[in-house]
Amino acid sequence: MAAGDGIEFASLLCSRLCHDLLSPVGALNNGIELLADEHDPEMRARCLDLLAESARASANKLKFFRLAFGAAGGFGDSVDTREVRAAIEGLFGGDRRIQVGWMVGDASLGKGPIKILLNLALIAGDALVRGGRLDIGVENGATATEIVIRSEGPRIVLDPELRTALTGGTAQEALTPRASAAWLVWHLANERGGEVMISEPQDGVLMVGCAIPHGS
């Protein structure tokens with residue numbers, strides 16, 4: 001990726017992050033304005049509850065995107081998977097619309113696989129438009145690390161734009177902020193000789209995954 005392309009792609013990720021933070025941060029602002037004008041004790045207590053909920057949502061999104069888009073886990077080569085699990089559960093489990101199943105036995109994983117896992121989880125979780133269950137698994141086989149995300153719910157929608165980006169069918173200059181996470185998955189997998197796999201949603205189930213050869 002050329003320097004100019006890298007800057008443009010970083011701007012797309014920033015746009016995605018800002019879009020996702022707009023709602024909880026906006027709710028914080030509105031809650032503070034309501035609190036300033038409210039004198040009824042019961043209503044003030046409700047405003048404070050809403051402020052706390054919006055603050056938690058904002059913090060959870062920032063923790064997730066720090067790992068998914070940023071310098072995950074600082075400057076080391078690997079990331080503690082407990083931190084990854086907490087980020088995913090914070091992002092999707094807060095409102096209890098989505099249950100998270102965690103089937104990752106490794107104590108740590110490399111930054112590349114971690115970013116792939118997080119962004120696949122983001123895409124698969126967003127596809128659960130009416131809630132459901134998100135199961136996340138990693139298996140280190142003899143030749144490759146396999147990441148599998150299973151979404152199950154009453155309604156699953158995977159935007160064709162995301163599917164195209166995940167499979168490498170989108171040129172970088174045609175990317176939108178919405179598809180930036182999907183393209184990042186494909187790019188990270190491709191540079192490691194890996195392959196992204198996506199099923200068609202059937203019977204309320206969507207499977208996405210990636211196989212990353214060892215030593216790549």
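Above this note sits the structure.
This one's a predicted model, so the numbers in the text were calculated from it and none came from an experiment.

Colleague: Go over the overall build of the chain, please, and point to the residues and values.
Modeller: Secondary structure summary: the chain contains 6 helices and 7 strands in total. Seen in sequence order, the chain has helices and strands lined up from the N terminus as α-α-β-α-β-β-α-β-β-α-α-β-β. Radius of gyration (C-alpha) of the chain: 18 Å, near the 17 Å computed for a compact globule of 216 residues. Each principal axis of the C-alpha distribution contributes one length, and for the chain these read about 65 × 40 × 35 Å.

Colleague: So, helix α3 (residues 81-93): which residues are in play, and what are the values?
Modeller: In this model α3 runs 17 Å from its N-terminal to its C-terminal C-alpha over 13 residues, within 8% of the 18 Å that 1.5 Å per residue would give. Burial in α3 covers these residues: T81, V84, A87, I88, G90, L91 and F92. Looking at the buried residues of α3, the elements they touch are α2 (41-69), β1 (78-80), β2 (98-104), β3 (108-110), α4 (111-126) and β4 (132-140).

Colleague: Account for the pattern of salt bridges, naming residues and giving values.
Modeller: Taken as a whole, this structure holds 10 salt bridges when the rule is applied. R150 is paired through a salt bridge with E152; the nearest N and O atoms lie 2.7 Å apart. Since its relative accessible area comes to 34%, E152 is described here as partly exposed. As a salt-bridge pair, R192 and E191 come within 2.8 Å of each other at their nearest N and O atoms. Look at E191 and you get partly exposed, because its relative accessible area is 47%. A cluster of three or more residues bridged by salt bridges with shared partners is formed by R16, D20 and D126.

Colleague: How would you sum up the pairing of strand β5 (residues 144-152)? Please name residues and give values.
Modeller: Of the strand pairs in this sheet, β4 and β5 are connected by 8 bridges, and their pairing is antiparallel. Bridged to G137 within β5 is V148. Here β4 hands over to β5 after 3 residues, the two strands then running antiparallel side by side. Looking at chain direction, β5 and strand β7 (residues 205-213) are connected through 9 bridges and run antiparallel. By the bridge assignment, E146 is partnered in β7 with A211.

Colleague: A description of the nonpolar core should follow, citing residues and the corresponding values.
Modeller: Judged by nonpolar contacts, the single largest core of 54 residues is most densely connected at F64, I88, I116, L120, I136 and I149. Looking at this core, the element that brings in the most residues is α4, giving 9 residues. Beyond its immediate chain neighbours, meaning those up to four positions away, L120 contacts I147, I149, L166, V185, V208, G209 and C210.

Colleague: Report on the packing of aromatic side chains, specifying residues and quantitative values.
Modeller: For the structure shown, the criterion picks out 4 aromatic pairs. With centroids separated by 5.0 Å and ring planes inclined at 55°, the aromatic side chains of F9 and W183 adopt a geometry described as tilted. Of this pair, F9 sits in helix α1 (residues 3-37) while W183 is found in helix α6 (residues 180-191), placing the two residues 174 residues apart along the sequence. Each of the two residues, F9 as well as W183, counts as buried. Consider the rings of F64 and F65, whose centres lie 5.7 Å apart with planes at 90°: the pair is edge-to-face.

Definitions and cut-offs
Residues numbered from 1 in each chain as written. Predicted model: local features only at pLDDT ≥ 70, side-chain atom pairs only at ≥ 80, totals over all residues. Heavy atoms only, no water. Helix = DSSP H or I, 4+ residues; strand = E, 2+ residues; numbered from the N terminus. Rg over C-alpha atoms; globule rule 2.2 N^0.38 Å. Expected span 1.5 Å × (residues − 1). Buried < 20%, exposed > 50% of the residue type's maximum accessible area, 1.4 Å probe, protein only. Contact = heavy atoms within 4.5 Å. Salt bridge = Lys/Arg side-chain N within 4 Å of Asp/Glu carboxyl O. Pairing = 2+ DSSP bridges. Core = buried A, V, L, I, M, F, W, Y, C linked by side-chain atoms within 4.5 Å. Phe/Tyr/Trp six-rings, centres within 6.5 Å; stacked < 30°, edge-to-face > 60°.

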